[in-house]
Amino acid sequence: FEVFSRLGGGGGIIDETEGTSFHVFIDNCGLVIKVPRAQFTPEFGKRFVDFYTRVLKKRLGGLMVPGTILNLSDLNMQRMVDGRVRMFDKVLLQNRVETLKERLKKLLASGDIEGAKKLIDQYFHLQQALWLRGILDIDPKFMEKYGFILLDGIEQLVVVGVDGLRKDPAVFDPGVSL
């Protein structure tokens, strides 16, 4: 719980940002702590936690950054989120990754166009793998929502931003994946 005590006191946080659904804190130990933003809090508590634990973690093994949902309410941690001090309840804890956006910037800055093309191919292969497992990403901000991890000694592109993932067959167009 050292990480969480630093989060509460601010000592271990090296960066933070506001995402679509989460206020994201990045710890100096390589952890990402995602606190649901005000507009996502009801959805997070009612449906997302169940969807994450029962669907995403089971279907997306190897396609999603390692993470877990923790209830921190007993730790009495609080930080500024959405302009007000909030006591933390359930949060999504994930490993820090290099995002697709960060990697693509590096490749383009070094003039590695072929490497950039390979990243785009990896992204579309990952989308296809998600579709085959019945999951669709509806969030258009894909550059920050995907990143790289080492899995069995091999670097792999995985989903990081899970709040845009859906399993609703009504949003699938079977013609797209053919």
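Since the structure is predicted, the reported quantities are computational estimates derived from the model, not experimental observations.

Draft legend 1. Spotlight on the packing of helix 3 (residues 100-109) against helix 4 (residues 113-132). Following both chains from N to C, one finds helix 3 and helix 4 inclined at 160°, their axes separated by 8 Å at the closest point. Classified by the interaxial angle, the pair formed by helix 3 and helix 4 is roughly antiparallel. The two elements helix 3 and helix 4 meet at a crossing, and its hand is left-handed. Facing helix 3, whose interface residues are Leu100, Arg103, Leu104, Leu107 and Leu108, helix 4 presents Ile113, Gly115, Ala116, Leu119 and Tyr123.

Draft legend 2. Examining the pairing of strand 2 (residues 22-27) more closely. Across the 6 residues of strand 2, 6 count as buried, placing the element largely inside the fold. On strand 2, burial covers both faces: Phe22, Val24 and Ile26 on one face and His23, Phe25 and Asp27 on the other are all buried. Across 5 bridges, strand 1 (residues 13-18) lies against strand 2 in antiparallel orientation. Looking across to strand 2, one finds that Asp15 is bridged to Ile26. The hairpin turn running from strand 1 into strand 2, its antiparallel successor, is 3 residues long. Pairing analysis gives 5 bridges linking strand 2 to strand 3 (residues 31-36), with the strands arranged antiparallel. Following the sheet pairing, His23 is matched in strand 3 by Val35. The antiparallel pairing of strand 2 with strand 3 creates a hairpin that spans 3 residues between the two strands, and Gly30 there sits at a positive phi of about 90°.

Criteria and cut-off values
- Residues numbered from 1 in each chain as written.
- Predicted model: local features only at pLDDT ≥ 70, side-chain atom pairs only at ≥ 80, totals over all residues.
- Heavy atoms only, no water.
- Axes fitted to C-alpha atoms, helices over the stretch in contact; angles between N-to-C directions.
- Helix = DSSP H or I, 4+ residues; strand = E, 2+ residues; numbered from the N terminus.
- Parallel < 35°, antiparallel > 145°, perpendicular 65-115°, else oblique.
- Left-handed = near helix turned anticlockwise from the far one by under 90°.
- Contact = heavy atoms within 4.5 Å.
- Buried < 20%, exposed > 50% of the residue type's maximum accessible area, 1.4 Å probe, protein only.
- Pairing = 2+ DSSP bridges.

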